[in-house]
Amino acid sequence: SPLCNTFRQRCDALGEICVVVGRRAGKDAVTIDFSTLRVSDDAPFVSAVLEDVLGTKYPDLYESAVKDGGVRVGSDGSIAICDPIDFSAVRTKPIWGVNQRLITVTCDRDRAKSLAVDVLKE
């Protein structure tokens, strides 16, 4: 939607993680986009969100994020978003030309709001 695109551009300009709560198939979905950080390695940020927020406060959502949310946990315990970063695009293109780096979690409205706030505090 245009509003989400504008908000993503704002997060990019501020160098912040883009967190959006939206409605999807009768439930709310919290989408966390790390591409707006424009870093060559977002693993520390992904790990912080997964372990410090989801793992600590929302363990059932942690399992969902790892299973269905686009996150891979390596045999060594490393955590990464499945798609690799195209750092050339990150350095040279506007945010709409940079692939999103997403974790998506589906839950009820109250938990979605709490999760979004907790991610932003992290």
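You'll find the structure just up there.
Residues numbered from 1 in each chain as written. Predicted model: local features only at pLDDT ≥ 70, side-chain atom pairs only at ≥ 80, totals over all residues. Heavy atoms only, no water.

K.L.:
How would you summarise the overall build of the chain if you had to cite specific residues and measurements?
P.N.:
Looking only at helices and strands, the chain features five helices and five strands. Each helix and strand of the chain, ordered N terminal to C terminal, gives the series α-β-β-α-α-β-β-α-β-α. Across the 122 residues that make up the chain, the buried fraction comes to 38%. For the chain, long-range pairs separated by at least 24 residues make up 60% of all intrachain contacts whose partners lie at least 6 apart in sequence. When the accessible surface of the chain is totalled, it reaches about 7,000 Å², and 51% of it is carbon and sulfur. (Helix = DSSP H or I, 4+ residues; strand = E, 2+ residues; numbered from the N terminus. Buried < 20%, exposed > 50% of the residue type's maximum accessible area, 1.4 Å probe, protein only. Contact = heavy atoms within 4.5 Å. Areas by Shrake-Rupley, 256 points an atom, 1.4 Å probe, with all protein chains shown as cover.)

K.L.:
Please set out the pattern of salt bridges residue by residue, giving values where relevant.
P.N.:
Following the criterion strictly, the structure yields seven salt bridges and no others. Across the pair Asp12 and Arg38 runs a salt bridge whose closest N-O atoms are separated by 2.6 Å. Placement of the pair is Asp12 in helix 1 (residues 2–14) and Arg38 in the loop between strand 2 (27–33) and helix 2 (43–57), with a sequence separation of 26 residues. Exposure remark for Asp12: the relative accessible area of 18% places this residue in the buried category. Classification of Arg38 by relative accessible area gives partly exposed; the value is 25%. Linking Asp118 and Lys57 is a salt bridge whose minimum nitrogen-to-oxygen distance equals 3.6 Å. Here Lys57 lies in helix 2 and Asp118 lies in helix 5 (residues 109–121), a separation of 61 residues in the sequence. Salt bridges sharing partners connect three or more residues here, namely Arg23, Asp28 and Arg109. (Salt bridge = Lys/Arg side-chain N within 4 Å of Asp/Glu carboxyl O.)

K.L.:
I'd like a description of the sheet that holds strand 1 (residues 18–24), backed by residues and values.
P.N.:
Pairing within the open sheet is antiparallel, and its three strands lie in the order 1-2-5. The outermost strands of the open sheet, each flanked by one partner alone, are strand 1 and strand 5 (102–107). On average, each strand axis in the sheet is inclined to that of its neighbour by 20°, with strand direction left out of account. Across six bridges, strand 2 lies against strand 5 in antiparallel orientation. Bridging from a neighbouring strand, Val30 pairs with Val105 of strand 5. Helix 5 contacts strand 1, strand 2 and strand 5 of the sheet and is inclined by roughly 170° relative to strand 1. (Pairing = 2+ DSSP bridges. Axes fitted to C-alpha atoms, helices over the stretch in contact; angles between N-to-C directions.)

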